Amino acid sequence: MTTLVLGRVVAATGAIAMGSALVWGSMRGELSTEFATLLAMPWGLATLVEVYVGLLLFGAWVWTREQRSFVALAWLVAIGVLGNIVSCLYVMTALHNAKGDLARFWLGARR
């Protein structure tokens, strides 16, 4: 299995897993109440910091590989609002657009 195919499988699996978890959580939980509880717990806060630092690093990659600022900004807003499910979709899009070229996947149109 090539690196690009493996990347597509991992990104698609991640998107499906996160989408499923989001649907399950929204059906079973109360976001406003549980989020306040999460923020009150040290490990809950640490986990949120870890997630958002990861999103910022991923966002930096998106920003550097996109040629048009408004496209990068749209992806960054979507990632900030919807989280890593959008990151998975971005990876799948980047892999598709790379057409088998690993350097193009990493560097985008700036290659």
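Residues numbered from 1 in each chain as written. Predicted model: local features only at pLDDT ≥ 70, side-chain atom pairs only at ≥ 80, totals over all residues. Heavy atoms only, no water.

Q: An account of the packing of helix H3 (residues 42-65) against helix H5 (residues 84-98) is needed here, citing residue identities and associated values.
A: The geometry of a pair of packed helices is captured by two quantities: the angle between their axes and the separation between those axes. Two elements in contact, H3 and H5, have axes whose closest approach is 11 Å; the angle formed by their N-to-C orientations is 30 degrees. Classified by the angle between their axes, H3 and H5 sit roughly parallel to one another. With respect to the hand of their crossing, H3 and H5 are arranged in left-handed fashion. Facing H3, whose interface residues are Leu55, Phe58, Trp61, Val62 and Arg65, H5 presents Asn84, Ser87, Tyr90, Val91 and Ala94. Broken down by class, the residue content of the contact of H3 with H5 amounts to seven nonpolar, two polar and one charged. (Axes fitted to C-alpha atoms, helices over the stretch in contact; angles between N-to-C directions. Helix = DSSP H or I, 4+ residues; strand = E, 2+ residues; numbered from the N terminus. Parallel < 35°, antiparallel > 145°, perpendicular 65-115°, else oblique. Left-handed = near helix turned anticlockwise from the far one by under 90°. Contact = heavy atoms within 4.5 Å. Nonpolar A, V, L, I, M, F, W, Y, C, P; charged D, E, K, R; others polar.)

Q: I'd like a description of the layout of surface pockets, backed by residues and values.
A: One number sums up the size of the largest pocket: a volume of about 770 Å³. For the lining of the largest pocket, the secondary structure elements donating two or more residues are helix H1 (3-28), helix H2 (31-40), H3, helix H4 (69-82) and H5. Looking at the lining of the largest pocket element by element, the count peaks at seven residues for H1. For the lining of the largest pocket, a count of residues per class yields 13 nonpolar, six polar and three charged. Of the volumes computed, that of the second largest pocket is approximately 240 Å³. As for the second largest pocket, its lining consists of 14 residues, and the residues nearest its centre are Arg65, Glu66, Asn97, Gly108 and Ala109. Mapped onto the lining of the second largest pocket, the elements with two or more residues apiece are H4 and H5. Counting residues per element, the lining of the second largest pocket draws most heavily on H5, at five residues. Class assignment for the residues of the lining of the second largest pocket results in six nonpolar, four polar and four charged. (1 Å grid on protein atoms, 1.4 Å probe; cavity = no way out; pocket = protein on both sides within 12 Å on 5 of 7 lines; lining within 4 Å. Points joined across faces, edges and corners; volume = space filled by probe spheres on them.)

Q: Before we move on, could you go through the side chain of serine 87 and cite the residues and values that matter?
A: Relative to the helices and strands, serine 87 resides in helix H5. For serine 87, a relative accessible area of 5% gives the class buried. Other than its neighbours up to four places away in sequence, serine 87 contacts Leu55, Phe58 and Ile79. (Buried < 20%, exposed > 50% of the residue type's maximum accessible area, 1.4 Å probe, protein only.)

Q: Lay out unusual backbone geometry with the relevant residues and their values.
A: Unlike most non-glycine residues, lysine 99 shows phi in positive territory, near 50 degrees. Considering the arrangement of structural elements, one finds lysine 99 in the loop between H5 and helix H6 (102-107). Here lysine 99 falls in the exposed class, since its relative accessible area comes to 66%.

Q: Can you explain H3? Please cite residues and give values.
A: Owing to its 3.6 residues per turn, the α-helix aligns residues three or four sequence positions apart on the same side. Taking 1.5 Å per residue, 24 residues should reach 34 Å; H3 reaches 35 Å between its end C-alpha atoms and fits that length. By the burial criterion, the buried members of H3 are Gly44, Leu48, Leu55, Phe58, Gly59, Trp61, Val62 and Arg65. Residues of H3 that are buried in the fold lie against H2, H4, H5 and H6. (Expected span 1.5 Å × (residues − 1).)

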